[in-house]
Amino acid sequence: MTFNSNGHNGEQTTIHDVIVIGGGLMGSSAAWHLSNYGKEVVLLEKQGRVYEKGSSKGEARVVRSSNIEGDTLWSYLHNTSVKEVETVIRFLNNKGTAITMEGIYTTSPISYIARHEELGQLLNNLKNQDANFELASKVEEGESKFGVNLKEGTFLHREYNTHSGTFNPRKLIQLLHQAIALKGYQIRYNSEVTGIEKKDGVYKITVDANGKSILLSAKQVVSAAGPYTGGLLQKIAPYYNSLIHPKRVFLTFLRIKNEHYNNLPVAQKQQMKNGFPVIDRTTNLECEEFFAMIESYDEQDNPIIKIGGHFQRTNIGDIDKVWQKKLNQKEINWSIEKIASYLNFLNLPIMVNQIEVVDTYSCVYSLTETEVPFVTPILEDDNSIDENFVVIAGMSGVGAKGAMAYGLIASNLLTNKKQEDPYYETAVAKLGYERIATKTL
Ligand SMILES: Cc1cc2nc3c(=O)[nH]c(=O)nc-3n(C[C@H](O)[C@H](O)[C@H](O)COP(=O)(O)OP(=O)(O)OC[C@H]3O[C@@H](n4cnc5c(N)ncnc54)[C@H](O)[C@@H]3O)c2cc1C
């Protein structure tokens, strides 16, 4: 039932179990897990059904089980996510769909190139990580094992694991929304949360729904607003403004011109396919590091390569306007030169002028001080914990591969559930509020 009140066109009297704010990878994952637990969920997304913005925008992200940085956290998040994607697919297929894991994950080798200084740390970390790999750390090994031009003092680590390679965020979001709807719960697009208040233990959520202001109530809330988190939580958890730092990053989509690509022998085309995705950290300068992957194939089956740099970050004024920001020529040239040089590393005879730009766009991700995200209840003014309001935020350049795990943890926090995995509690603690309370961010 709706009625007019407090300047809102419609105030809805229902008190929902959980409102999830933000339908990107994290909010969609949380809303799915909650609906799978039988919670009555409403997922609110300010964009229309087809997303033009958001950190989850796009068709490909690098996902891998092994990681040089940190410890087993990233490996755990990735592997848990893979299992949870299997669960959603099983649920959907039991309802009559015919979806496969290959529709979400493209299994392919993942190349990680870096300097020898990192090798000891990598090998040490890999002891605890569930990943198959091959390694070349000498110039001759680069040639004999992978047919690449390894530079002196660098190594190539190549991971081979089922469901490591790339992953399609757009498709996973679609599946999750389909699954939430099949559970009987709501996804409301074009619904922007403009205010959050807590009154008598109930959250009052003001929503601009297609230009109409409505008020919703819920017993519990998940905030998963990506780079908008700081602004959204200004009243209820103002400290997030200084914890989450949205940054602009740019992406360039490139292709070897058809006349050159079509002339490559099959073996070279395969060499190119095996060489992506790649993370290149062979330089001393962070801003020269890059990641690249095959995002899709054109109508002639020519790969479209996406490239970006996690340290090619710039500050943002108005988040809403960043998405339209054009790349400058320097950014485009940087992208082309990196890909040309990487193709030469793969022993492919491609020159800068044989590569063309297919598309470019700016996007945004959110950093925390340590680049470890937050999945945590909010802290009230007296530092007590509000267990009914969980924030998922600070998903920098590694959020996608763990998306299903972050949503699972958020849902478990709200429902007092745990996973049996022996690493689960450690992961929860690493993502949790202790860092906020003790300022070890
Ligand atoms: C260029 C780039 C490359 C990346 N590469 C990788 C990679 O290779 N591997 C990897 O694992 N990860 C990668 N990531 C990270 C990963 O994509 C993100 O961490 C993840 O997509 C973040 O999802 P999210 O749900 O937190 O944010 P978003 O996708 O931004 O979702 C937030 C949603 O909330 C909505 N929203 C915001 N405010 C409101 C409001 N007030 N009311 C209602 N809705 C609201 C937004 O419209 C948006 O849809 C990359 C990210 C970027 C940007």
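Cut-off values and rules
Residues numbered from 1 in each chain as written. Predicted model: local features only at pLDDT ≥ 70, side-chain atom pairs only at ≥ 80, totals over all residues. Pairing = 2+ DSSP bridges. Helix = DSSP H or I, 4+ residues; strand = E, 2+ residues; numbered from the N terminus. Axes fitted to C-alpha atoms, helices over the stretch in contact; angles between N-to-C directions. Contact = placed C-beta atoms within 7 Å. Buried ≥ 20, exposed ≤ 12 C-beta atoms within 10 Å, placed from the backbone. Near = placed C-beta within 6 Å. Nonpolar A, V, L, I, M, F, W, Y, C, P; charged D, E, K, R; others polar. Core = buried A, V, L, I, M, F, W, Y, C linked by C-beta atoms within 7 Å. Parallel < 35°, antiparallel > 145°, perpendicular 65-115°, else oblique. Left-handed = near helix turned anticlockwise from the far one by under 90°. Domains from an automatic or database assignment. Expected span 1.5 Å × (residues − 1). Arc of directions from axis to C-beta.

Caption draft 1: Main features of the sheet that holds strand 15 (residues 278-281). Judged by pairing direction, the sheet is mixed, and its eight strands sit side by side in the order 7-8-6-15-16-17-14-18 without closing on themselves. In this open sheet, the two edge strands, each paired with only one partner strand, are strand 7 (133-136) and strand 18 (355-367). On average, each strand axis in the sheet is inclined to that of its neighbour by 20°, with strand direction left out of account. Alignment of strand 14 (residues 245-256) against strand 18, held across twelve bridges, turns out to be antiparallel. Directly across from Phe253, in strand 18, lies its bridge partner Asp359. Of the strands in this sheet, strand 14, strand 15, strand 16 (290-297), strand 17 (303-308) and strand 18 touch helix 11 (residues 329-345), which is tilted by about 55° from strand 14.

Caption draft 2: How the structure looks around the pairing of strand 15. Of the two faces of strand 15, the one lined by Val278 and Asp280 is fully buried and the one lined by Ile279 and Arg281 carries no buried residue. Bridge count between strand 6 (residues 110-115) and strand 15: four bridges; the pairing is parallel. Opposite Ser111, over in strand 15, you have Val278 as the bridge partner. The pairing of strand 15 with strand 16 spans three bridges and is classified as antiparallel. Among the inter-strand pairings, Asp280 is bridged to a residue of strand 16, identified as Phe290.

Caption draft 3: Geometry of unusual backbone geometry. Pro277 follows Phe276 through a cis peptide bond whose omega is 0°. A positive phi angle, near 70°, is found at Asn347, a position not held by glycine. When you line up the elements, Asn347 lands in the loop between helix 11 and strand 18. Not every positive phi belongs to a glycine, and Asn416 is a case in point at roughly 55°. Note on placement: Asn416 falls in the loop between helix 12 (403-415) and helix 13 (424-431).

Caption draft 4: The arrangement of the site of the ligand in detail. The immediate surroundings of the ligand are formed by 40 residues, with Gly22, Gly24, Gly226, Met395 and Gly399 found nearest. Contributing elements (two or more residues each) for the shell around the ligand: helix 1 (25-36), strand 4 (61-63), strand 11 (191-199), strand 14 and strand 18. Here the shell around the ligand is composed, by residue class, of 22 nonpolar, twelve polar and six charged.

Caption draft 5: Summary view of the nonpolar core. Counting residues in hydrophobic clusters, the biggest one holds 112 residues, and the most contacted among them are Ile19, Val20, Ile21, Val222, Ala292, Ile392 and Ala410. Sort the elements by how many residues they give to this core and helix 12 lands first, with nine residues. Sequence-distant contacts of Ile19, defined by excluding residues within four places in its chain, comprise Val42, Leu44, Tyr203, Ile205, Leu216, Ala218 and Val221.

Caption draft 6: Structural detail: the environment of Ala340. Its place among the elements puts Ala340 in helix 11. For the pair Ala340 and Arg248, spaced 92 residues apart in the sequence, the C-alpha separation amounts to 24 Å. With residues near it in sequence (within four places) discarded, Ala340 still touches Ile350, Met351, Val352 and Ile355.

Caption draft 7: Structural context of the packing of helix 2 (residues 73-94) against helix 5 (residues 169-182). It is the contact of helix 2 with helix 5, at a shortest axis distance of 10 Å, that shows an interaxial angle of 50°. Classified by the interaxial angle, the pair formed by helix 2 and helix 5 is oblique. The two elements helix 2 and helix 5 meet at a crossing, and its hand is left-handed. Of the residues in helix 5, those in contact with Val85, Val88, Phe91 and Leu92 of helix 2 are Leu172, Leu175, Leu176, Gln178 and Ala179. When its residues are assigned to classes, the contact of helix 2 with helix 5 shows eight nonpolar, one polar and no charged.

Caption draft 8: Representation of the domain arrangement of the protein in the model. Domains assigned within the protein are domain 1 (2-59 + 169-242 + 369-437), domain 2 (75-166) and domain 3 (246-367). Measuring from the centre of the C-alpha atoms in domain 1 to the corresponding centre in domain 3 gives 32 Å. Listed per partner, the contact involves 15 residues of domain 1 and eleven residues of domain 3. Of the residues that constitute the side of domain 1 that touches domain 3, the class distribution is four nonpolar, six polar and five charged.

Caption draft 9: Here's a closer look at the sheet that holds strand 9 (residues 165-167). As summarised here, the arrangement of the three strands in space is 4-9-5, forming an open sheet in which the pairing is antiparallel. Every interior strand has two partners, whereas the edge strands, strand 4 and strand 5 (105-107), have only one. Taking each pair of neighbouring strands and ignoring which way they run, the sheet shows an average axis angle of 30°.

Caption draft 10: Fine view of helix 11. Helix length check: helix 11 (17 residues) gives 24 Å between terminal C-alpha atoms against 24 Å at 1.5 Å per residue, within 8%. For helix 11, the full list of buried residues reads Trp334, Ser335, Lys338, Ile339, Tyr342, Leu343 and Phe345. Taken down its axis, helix 11 places every buried residue within 160° of arc, on the same side. Pointing more than 90 degrees away from the buried face of helix 11 are the exposed residues Gln329, Lys330 and Glu337.

Caption draft 11: Structural context of the packing of helix 2 against helix 12. One way to put it is that helix 2 packs onto helix 12 with a least axis distance of 6 Å and a crossing angle of 85°. Our classification of the angle between helix 2 and helix 12 gives roughly perpendicular. Residues Leu77, Thr80, Ser81, Glu84 and Val85 of helix 2 form the contact with helix 12, whose own contacting residues are Ala403, Met404, Ala405 and Leu408. Of the residues in the contact of helix 2 with helix 12, the class split is six nonpolar, two polar and one charged.

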